[in-house]
Amino acid sequence: MPAPAPDFDTLTVGDIVAERTVDLSRDSLVRYAGASGDFNPIHYRDDIATSVGLPGVIAHGMLTMGLAVQPVVDWAGDPGCVEDYQVRFTRPVVVDPTEGATVTISAKVGHVDAEARVARIDLTTTFGGDTVLGKAQVRVRLA
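Remember, it's a predicted structure, so these values are computed and weren't measured experimentally.

Conventions and cut-offs
Residues numbered from 1 in each chain as written. Predicted model: local features only at pLDDT ≥ 70, side-chain atom pairs only at ≥ 80, totals over all residues. Heavy atoms only, no water. Helix = DSSP H or I, 4+ residues; strand = E, 2+ residues; numbered from the N terminus. Expected span 1.5 Å × (residues − 1). Bend = angle between axes of the 7 residues up to and from the residue. Buried < 20%, exposed > 50% of the residue type's maximum accessible area, 1.4 Å probe, protein only. Polar contact = N/O pair within 3.5 Å; in protein donor to acceptor, adjacent residues only side chain to side chain. Contact = heavy atoms within 4.5 Å. Core = buried A, V, L, I, M, F, W, Y, C linked by side-chain atoms within 4.5 Å.

Asker: Lay out helix 3 (residues 61-76) with the relevant residues and their values.
Answerer: Taking 1.5 Å of rise per residue, 16 residues should cover 22 Å, and helix 3 covers 23 Å from first to last C-alpha, within 8% of that figure. Taken as a whole, helix 3 carries its principal kink of about 30° at Val 69; the proline Pro 71 stands between one and four residues after it. Three or more residues of helix 3 are buried, namely Leu 63, Thr 64, Met 65, Ala 68, Val 69, Pro 71, Val 72, Val 73, Trp 75 and Ala 76. Gly 77 sits one or two positions beyond helix 3 and adopts a positive phi of about 85°.

Asker: So, the environment of Gln 70: which residues are in play, and what are the values?
Answerer: The topology assignment puts Gln 70 in helix 3. Sequence separation between Gln 70 and Ile 105 is 35 residues, and the spatial gap between their C-alpha atoms is 9.5 Å. A polar atom in the side chain of Gln 70 sits 2.7 Å from the side chain of Asp 74.

Asker: So what's going on with the side chain of Arg 26? Which residues, and what values?
Answerer: As for its position among the elements, Arg 26 is in helix 1 (residues 26-36). Its relative accessible area of 17% is what places Arg 26 among the buried residues. Side-chain polar atoms of Arg 26 contact the backbone oxygen of Val 95, separated by 2.7 Å. Those residues in contact with Arg 26 that lie beyond four places of it in its chain are Tyr 44, Asp 46, Val 57, Val 95, Asp 96 and Pro 97.

Asker: Go over the nonpolar core, please, and point to the residues and values.
Answerer: If you look at the biggest cluster of nonpolar residues, it comprises 36 residues, and the most contacted ones within it are Trp 75, Tyr 85, Ile 121, Leu 123 and Val 140. Residue assignment for this core shows that the elements contributing at least two residues are strand 1 (16-24), helix 3, strand 2 (82-89), strand 3 (101-113), strand 4 (118-127) and strand 5 (130-141). In terms of residues, this core owes the most to one element, helix 3, which gives eight residues. Setting aside residues no more than four positions away along its own chain, Trp 75 makes contact with Pro 4, Pro 6, Leu 11, Val 17, Ala 18, Ile 121, Val 140 and Leu 142.

Asker: Can you break down unusual backbone geometry residue by residue, with the values?
Answerer: Despite not being glycine, Arg 117 has its phi angle at roughly 60°, a positive value. You can see Arg 117 is positioned in the loop between strand 3 and strand 4. One non-glycine residue with positive phi stands out, namely Lys 135, at about 45°. Mapped onto the secondary structure, Lys 135 falls in strand 5.

Next up, the structure:
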């Protein structure tokens, strides 16, 4: 059963509305490649990834982007509430063949437009202590 929709009138700039930690493995990348059709070898072959200057196999950008927005979708209670979502990719998420990778997501209210009943949720998405998505913002319309 989905969580009840948040009460727009109680939102305050600075409120943390969602947090999540996601563990990725090389298996996660294979599954995502199959679902998305993105079989670029930088997502599964270390030799190819390093030959193009990457530190190793990296997670798909769209996978990282999707993982980052999901806590906001869960908080809002309806994916249709998301009006806009934009990010800048700032660093890759390197997925170690043994250890995998842990991505941490925090979603905080950045702006509230009372007239439009839209909240801008700012995402902080990190891997290894570094931000991997810059200017990650989600516009959510709430009832």
